[in-house]
Amino acid sequence: MLRIVPSFGRIGDENAFAVLARAGALAAQGRDIVNLGIGQPDFPTPPHIVEAGLKALRDGHHGYTPAVGIPPLREAVARDIHHRHGVEVSPDSVMIVPGGKVTMFMAILMFGEPGAEILYPDPGFPIYRSMIEFTGATPVPVPIREANGFAFSAEETLSLITERTRLLIVNSPANPTGGVTPKAEIGALVKGLAAHPDLAILSDEIYGTMTYDGQAHLSLLAYPEIRDRLIYLDGASKTYAMTGWRLGWSVWPKPLYDAARKLAVNSFSCVNAAAQWAGIAALDGPQDCVAAMLAEFDRRRRLVVDGLNRLPNVSCTTPTGAFYAFPNVSRTGWKAKPLATALLDEAGVAVIGGPDFGVFGEGYLRLSYANSAENIARALERMERFLTERSPG
Ligand SMILES: Cc1ncc(COP(=O)(O)O)c(C=O)c1O
């Protein structure tokens, strides 16, 4: 009998991938499925970025690169951060990783151990909790409440810190809610963190370019007082429609950088060289492709929110970031997960049940509007029919 170590009994999963597989299997059987489950842009990677990747392969960039990434990409990341957030970071603190997920994997490995507590948003990206459990640390959910516009509450977050808390994970704009934490709340959070100088912070800003209605994204990098303990997570996946390239980047405080480099050397060695050259084209090239994608997401956001608010017993707070809507379905008479399953099996609409993002996700569904306006309209029609016919009581 093979004896895998017990920590693997605690590692979790990302149900969006399971829903994607199930939706694909149903489609393969000839079912007509509208997939609002998976969180990736439905646009192709802009052509000048693809071309840069192809050119890199033709130019012979076929070998290993430095584990932390090629210098011109690290410099491009530093320039992008300066341009977007007005903050100087040294390219020597930038690390290139195979997707944003890898930064959270590394950060949680660095701070998670039995006896330690790690604060993470709930509902939130499921890998936070999964990785915290894997390390043996205690996951402490920070409730992300609809009543608070799905923003972090500085007061509530700070109230959960104990002498055992080692890491606080912040995510804005957020998955799965689309919530953006306003400047005043971030300011209050940072102010309160002054009383906890040994607490590290992981700021997941993978949706940082995606805000709407004039809502500004404020990077935690903008606060010099926490820079010596802030890990910044970003990448190309969402902004440049590059989820399959596996390209992300992080900024590390000096004492952690070498630990991150060693984790890279011990696992993936370096990011695919051609993807790194494509990343330079993404960051240094024209940004009108990003603006065009964002304008289209904004149009769909309105369609999806208006449509959801017209469904029987459903209400949806207007999200101001990312590309997700998180409607409240608690008055439909359904629990969220059985509702998501029934919508896929019976109505042919793939969505994710809120509890897949944590216990505070009960009563909600996550819909990704990274899909065409036509498909969104079809999904809403099917949901309306389903909820009208199948509402218990
Ligand atoms: C909040 C959040 N962080 C990180 C990631 C990971 O992104 P990547 O595909 O670059 O690993 C995702 C992807 O869905 C996400 O939603």
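Residues numbered from 1 in each chain as written. Predicted model: local features only at pLDDT ≥ 70, side-chain atom pairs only at ≥ 80, totals over all residues. Heavy atoms only, no water.

**Student:** Sorry if this is basic, but what is going on with the overall build of the protein here?
**Tutor:** Summing up its helical and strand segments, the protein has twelve helices and twelve strands in all. Against the 2.2 N^0.38 benchmark of 21 Å for 393 residues, the protein shows a C-alpha radius of gyration of 21 Å, consistent with a compact globule. Seen along its three principal axes, the alpha-carbon backbone of the protein occupies a region of about 60 × 55 × 55 Å. The buried share among the 393 residues of the protein stands at 56%. Within the protein, contacts between residues at least 6 apart in sequence are counted, and of these 74% link residues at least 24 apart. Charge separation in the protein, taken as the distance between the mean sites of 36 positive and 40 negative side-chain charges, equals 3 Å. (Helix = DSSP H or I, 4+ residues; strand = E, 2+ residues; numbered from the N terminus. Rg over C-alpha atoms; globule rule 2.2 N^0.38 Å. Buried < 20%, exposed > 50% of the residue type's maximum accessible area, 1.4 Å probe, protein only. Contact = heavy atoms within 4.5 Å. Lys, Arg positive; Asp, Glu negative; His and termini not counted. Charge placed at Lys NZ, Arg CZ, Asp CG, Glu CD.)

**Student:** Hey, could you run me through empty space enclosed by the protein in this one?
**Tutor:** Over the atoms rolls a probe the size of a water molecule, and in doing so it shows where empty space is left. Under the criterion given, the structure shown has three cavities of 30 Å³ or more. Estimates place the volume of the largest cavity at around 40 Å³. Lining the largest cavity are Pro121, Pro123, Ile144, Phe150, Ala151, Phe152, Asn171, Ala174, Asn175 and Thr181. Looking at the lining of the largest cavity residue by residue, the classes come out as seven nonpolar, three polar and no charged. (1 Å grid on protein atoms, 1.4 Å probe; cavity = no way out; pocket = protein on both sides within 12 Å on 5 of 7 lines; lining within 4 Å. Points joined across faces, edges and corners; volume = space filled by probe spheres on them. Nonpolar A, V, L, I, M, F, W, Y, C, P; charged D, E, K, R; others polar.)

**Student:** How should the environment of Asp13 be read in this particular structure?
**Tutor:** Note that Asp13 resides in the segment before helix H1 (15-28). Note on Asp13: relative accessible area 63%, which makes it exposed.

**Student:** Honestly, the packing of aromatic side chains in this entry has me stumped. Any pointers?
**Tutor:** Any aromatic ring pair is given by two values, namely how distant the centres are and how the planes are angled relative to each other. Applying the stated criterion across every chain, the model contains eleven aromatic pairs. With centroids separated by 5.1 Å and ring planes inclined at 75°, the aromatic side chains of Phe8 and Phe134 adopt a geometry described as edge-to-face. Placement of the pair is Phe8 in the segment before H1 and Phe134 in helix H5 (residues 126-135), with a sequence separation of 126 residues. Between the aromatic rings of Phe326 and Tyr364, the centroid separation amounts to 4.9 Å while the plane-to-plane angle is 5°, which identifies the pairing as stacked. In this pair, Phe326 sits in the loop between strand E9 (324-325) and helix H11 (336-347) while Tyr364 sits in the loop between strand E11 (352-353) and strand E12 (365-368), placing the two residues 38 residues apart along the sequence. The structure contains a cluster of three or more aromatic residues connected by ring pairs, namely Phe43, Tyr207, Phe297, Phe323 and Tyr324. (Phe/Tyr/Trp six-rings, centres within 6.5 Å; stacked < 30°, edge-to-face > 60°.)

**Student:** Looking at this structure, how should I read the site of the ligand?
**Tutor:** Every one of the 14 residues lining the ligand counts as a neighbour, but Gly100, Asp204, Tyr207, Ser237 and Lys238 are closest to it. One of the side-chain N or O atoms of Asn175 is found 2.8 Å from an oxygen atom in the ligand. Lys238 places a side-chain nitrogen or oxygen 2.6 Å from an oxygen atom of the ligand. Its free accessible area being 390 Å², the ligand has 94% of it covered by the protein chains. In a pocket analysis with a 2 Å cut-off to the grid points, the ligand is assigned to the largest pocket. Considering each element in turn, the shell around the ligand owes the most residues, three residues, to helix H4 (residues 100-111). Here the shell around the ligand is composed, by residue class, of five nonpolar, five polar and four charged. (Near = heavy atom within 4 Å. Polar contact = N/O pair within 3.5 Å; in protein donor to acceptor, adjacent residues only side chain to side chain. Areas by Shrake-Rupley, 256 points an atom, 1.4 Å probe, with all protein chains shown as cover. Sits in = over half its atoms within 2 Å of the grid points.)

**Student:** I'm lost on the layout of surface pockets in this one. Help?
**Tutor:** Within this model, the largest pocket holds a volume of roughly 440 Å³. Along the walls of the largest pocket sit 25 residues, with Glu14, Gly39, Lys101, Phe125 and Lys238 positioned nearest its centre. Elements represented by at least two residues in the lining of the largest pocket include exactly H1 and H4. The wall of the second largest pocket is formed by 18 residues, among which Asp80, His83, Arg84, Thr209 and Gln287 lie closest to the centre. When contributions to the lining of the second largest pocket are tallied by element, the ones reaching two or more residues are helix H3 (71-85), helix H9 (273-284) and helix H10 (288-310). Looking at the lining of the second largest pocket element by element, the count peaks at six residues for H3. In terms of residue class, the lining of the second largest pocket is built from six nonpolar, eight polar and four charged. Counting contributing residues, the lining of the second largest pocket receives three or more from each of domain 1 (6-45 + 289-387) and domain 2 (64-284). (Domains from an automatic or database assignment.)

**Student:** Would you take a moment to explain the pairing of strand E7 (residues 230-235) for this structure?
**Tutor:** On any regular strand, side chains alternate: one points to one face of the sheet, the next to the other face. Of all the six residues making up E7, six are buried; the element is thus mostly covered by neighbouring parts of the structure. Side-chain alternation along E7 places Leu230, Tyr232 and Asp234 on one buried face and Ile231, Leu233 and Gly235 on a second face that is also buried. By the bridge criterion, four bridges tie strand E6 (residues 200-204) to E7 in an arrangement that is parallel. Counterpart to Ile201 in the pairing with E7 is Leu230. Sheet topology note: the E7/strand E8 (residues 248-251) ladder contains four bridges and is antiparallel. Bridged to Gly235 within E8 is Gly248. (Pairing = 2+ DSSP bridges.)

**Student:** Which parts of the structure should I look at to understand the domain arrangement of the protein?
**Tutor:** In many reports, interface size means the accessible area that the parts give up when they come together. Assigned domains within the protein: domain 1 (6-45 + 289-387) and domain 2 (64-284). Spacing between the C-alpha centres of domain 1 and domain 2 amounts to 25 Å. Facing the 41 residues of domain 1 at the interface are 39 residues of domain 2. Both sides together, the interface formed by domain 1 and domain 2 hides about 3300 Å², and carbon and sulfur atoms give 59% of it. Summed over the three residues of domain 1 that lose the most area to domain 2, namely Thr320, Phe357 and Phe360, the buried surface amounts to 19% of that side. Summed over the shared surface of domain 1 and domain 2, the result is three salt bridges. Ionic pairing is found between Arg301 and Asp213, a salt bridge with its closest N-O pair at 2.7 Å. Remark: the boundary between domain 1 and domain 2 carries 23 residue pairs in polar contact (both at pLDDT 80 or more). Of all the secondary-structure elements, those providing two or more residues to the side of domain 1 that touches domain 2 are H10 and E9. Per element, the largest residue contribution to the side of domain 1 that touches domain 2 is seven residues, and it comes from H10. (Buried area = accessible area lost by both parts, 1.4 Å probe. Salt bridge = Lys/Arg side-chain N within 4 Å of Asp/Glu carboxyl O.)

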